[in-house]
Amino acid sequence: MNLPLFIARRYLFAKKSHNVINIISWISVLGMMVGTMAFIVILSVYNGFDQLVQTLYHTFDSDLVIRPKMGKYIDTVDPSLEQIRQDPSILAYNEVVEETVILQYLGRPVVSATMKGVDEHFFTHSPLVDYIIQGDFKLKFGDIDQAALGRGLATSLGVNVHFKDPLYLYFPSRSASVNLLNPQAALLEKRLFPAGIFSVEQNYDSKYFFVPLSLSREIMEYTTEASYIELRLQPNAQPNKVQARFAALLDPDDYLLLNRYQQNETLYKMMRTEKLVIYFLLLFVLLVITCNILGSIALLIMEKREDIETLKSMGASPITIKRIFLFEGWIIAFFGTLSGLILGVLLCFLQQRFGLIGLPGNYIINAYPIQVQWGDMLSVLGSVWIIGYVAARLSVYFFLTKPMLSAPQKSDEP
């Protein structure tokens, strides 16, 4: 039997309803429980929002994208690009023409927007089809060109897919000379009709609209050029290995091959930094809560002076006595952390299953998103247990003095 652990357990679980030290110890357990539960829930909510943002960006962005290293476009008539198109790991190969243009609808003030020209096969494998809120993604109706707009952009223009009014697109011609008396003569004008409205993420919704690839090339005066090429991979493909294989085919002086992380590198770095900041802030809160352990161990040491003297008389070594109070602090941290972890995971499950706490306002989801990660739970457990051990160690170091642990003096009296 482990004597220090047995005594420490008796000190904590003894039935002393009127013992102030015992009550303070259980308050410490409660504090650790609430702190750990809050730690798990807050990190899980952050993971949920993180996953939601990544899902929305993944909806709009492709697995890999080939961009020009210099200039604004690449020529798609390239043997290496054709070799990539024929690769079995490719699910969808989409040439895209993207440019900032001017839009006008029903004579309203013009709006600057980002045109994204895609072919008729783009939406076959794009998750965007699940985010259409009005109309559809048909960019051609016979010979008539159509457009799909983000919700924010459609609101700015007052676009309604049920109206039959055309949408006018303007872009400066690269070949026409500018006439100061009539500057509008240098603008290329295209007429198309709104076919659908999508809603993915505010940044995209207020900026992008989709048009047929042929129309975008016509207004940009391109033939086989494209702004970039989007690659969607087969479900069983490994993006890192595919990226390495394709990078070997492309000339590094002409092309950039970017994965999802590299396409939004700033965003992902910012999210990682935010999570790290949140983690240390919560850890600081737990550190403050752990001061209760330090106080309760200190009070327990002062109360158990007689017990310490008795143990010394029975031959207990100073190390054994120290271990009693170290185990006391560790037990408080263990039970508080374990119960907080269980309650935190339970709350996360209930929120994930039933959506107990809703999101105010108009969002694409109705309740706070939750994602519990095993790595977070292990890091929380390890951090809290280390903090609890350090608090107990400090209590023993400062309050369990040497005279208290020294061997009892032998009396000279007969």
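Whatever comes next refers back to the structure up there.
Residues numbered from 1 in each chain as written. Predicted model: local features only at pLDDT ≥ 70, side-chain atom pairs only at ≥ 80, totals over all residues. Heavy atoms only, no water.

K.L.:
When you look at the overall build of the protein in this model, what are you seeing that I'm missing?
P.N.:
Broken down by element type, the protein carries 13 helices and 13 strands. Here the protein has a C-alpha radius of gyration of 33 Å; the compact-globule value for 414 residues is 22 Å, and the former is much larger. Residue pairs at least 24 apart in sequence account for 80% of intrachain contacts in the protein once pairs closer than 6 positions are excluded. For the protein, the computed accessible surface area is about 22,600 Å², with 60% contributed by carbon and sulfur atoms. In the protein, 35 positive and 37 negative side-chain charges are present, and the distance between their average locations comes to 11 Å. (Helix = DSSP H or I, 4+ residues; strand = E, 2+ residues; numbered from the N terminus. Rg over C-alpha atoms; globule rule 2.2 N^0.38 Å. Contact = heavy atoms within 4.5 Å. Areas by Shrake-Rupley, 256 points an atom, 1.4 Å probe, with all protein chains shown as cover. Lys, Arg positive; Asp, Glu negative; His and termini not counted. Charge placed at Lys NZ, Arg CZ, Asp CG, Glu CD.)

K.L.:
I keep staring at the environment of Glu-95 and nothing clicks. Help me out?
P.N.:
Structurally, Glu-95 is set in strand E3 (residues 90-105). Filtering out sequence-adjacent residues up to four positions away, Glu-95 remains in contact with Thr-76, Arg-85, Gly-117, Val-118, Leu-213, Arg-217, Ala-226, Tyr-228 and Ile-229. Reaching out from Glu-95, the side chain makes a polar contact with the side chain of Arg-85 at a distance of 3.1 Å. At 2.7 Å, the side chain of Glu-95 forms a polar contact with the side chain of Arg-217. (Polar contact = N/O pair within 3.5 Å; in protein donor to acceptor, adjacent residues only side chain to side chain.)

K.L.:
For this particular structure, what's the right way to read the pattern of salt bridges?
P.N.:
Close approach of charged atoms lets side chains of opposite charge pair. Per the counting criterion, the structure on display carries 13 salt bridges. Among the salt bridges present, the one from Lys-116 reaches Glu-230, with a minimum N-O distance of 2.8 Å. Linking Lys-116 in strand E4 (residues 111-118) with Glu-230 in strand E12 (residues 228-233), this pair joins segments that are 114 residues apart in sequence. Since its relative accessible area comes to 1%, Lys-116 is described here as buried. A relative accessible area of 4% places Glu-230 in the buried class. Taking the shortest distance from any N to any O, the salt bridge between Lys-275 and Asp-376 comes out at 3.3 Å. Of this pair, Lys-275 sits in helix H9 (residues 265-303) while Asp-376 sits in helix H12 (residues 374-399), and the two are 101 residues apart along the sequence. Owing to a relative accessible area of 11%, Asp-376 belongs among the buried residues under this scheme. (Salt bridge = Lys/Arg side-chain N within 4 Å of Asp/Glu carboxyl O. Buried < 20%, exposed > 50% of the residue type's maximum accessible area, 1.4 Å probe, protein only.)

K.L.:
Where do I start with the environment of Ile-27 in this structure?
P.N.:
Take Ile-27: it is sitting in helix H2 (residues 20-60). The spatial distance from the C-alpha of Ile-27 to the C-alpha of Leu-350 is 26 Å, given a sequence separation of 323 residues.

K.L.:
Is there a simple way to think about the nonpolar core in this case?
P.N.:
Within soluble globular proteins, side chains that are nonpolar tend to cluster in buried spots. In terms of nonpolar packing, the biggest core is built from 40 residues, with Phe-39, Ile-293, Phe-325 and Leu-400 touching the most fellow members. Mapped by element, the contributors of at least two residues to this core are helix H1 (3-13), H2, H9, helix H10 (305-313), helix H11 (318-354) and H12. Discounting residues that sit within four places of it in the chain, Phe-325 has contacts with Tyr-11, Ile-297, Leu-300, Ile-301, Lys-304, Ile-308, Ala-392, Val-396 and Leu-400. Counting residues in each nonpolar core, the second largest holds 26 residues, with Leu-103, Val-111, Ile-219 and Tyr-222 among its members. (Core = buried A, V, L, I, M, F, W, Y, C linked by side-chain atoms within 4.5 Å.)

K.L.:
How should I be thinking about helix H6 (residues 213-220) in this particular structure?
P.N.:
For the α-helix, the turn length of 3.6 residues means that residues three or four positions removed from each other point alike. Counted residue by residue, H6 has six buried out of eight residues, so it is predominantly covered. What H6 keeps buried is the set Leu-213, Leu-215, Ser-216, Arg-217, Ile-219 and Met-220. Trailing H6 by a residue or two, Glu-221 shows a phi angle of about 60°, which is positive.

K.L.:
In this structure, what is going on with unusual backbone geometry? I would like to understand it.
P.N.:
Peptide bonds are trans in most cases, and residues, glycine excluded, mostly fall at negative phi. Phi is positive for Leu-106, which is not a glycine, with a value near 55°. Along the chain, Leu-106 turns up in the loop between E3 and E4. One non-glycine residue, Glu-221, lies in positive phi territory at about 60°. Tracing the backbone shows Glu-221 in the loop between H6 and strand E11 (225-226).

K.L.:
Could you clarify how one ought to interpret the environment of Ile-229 in this entry?
P.N.:
By secondary structure assignment, the location of Ile-229 is in strand E12. Assessed through its relative accessible area of 0%, Ile-229 is described here as buried. In this view, Ile-229 contacts Leu-64, Val-65, Ile-66, Ile-74, Thr-76, Leu-81, Tyr-93, Asn-94 and Glu-95; residues no more than four positions away in its chain are not counted.

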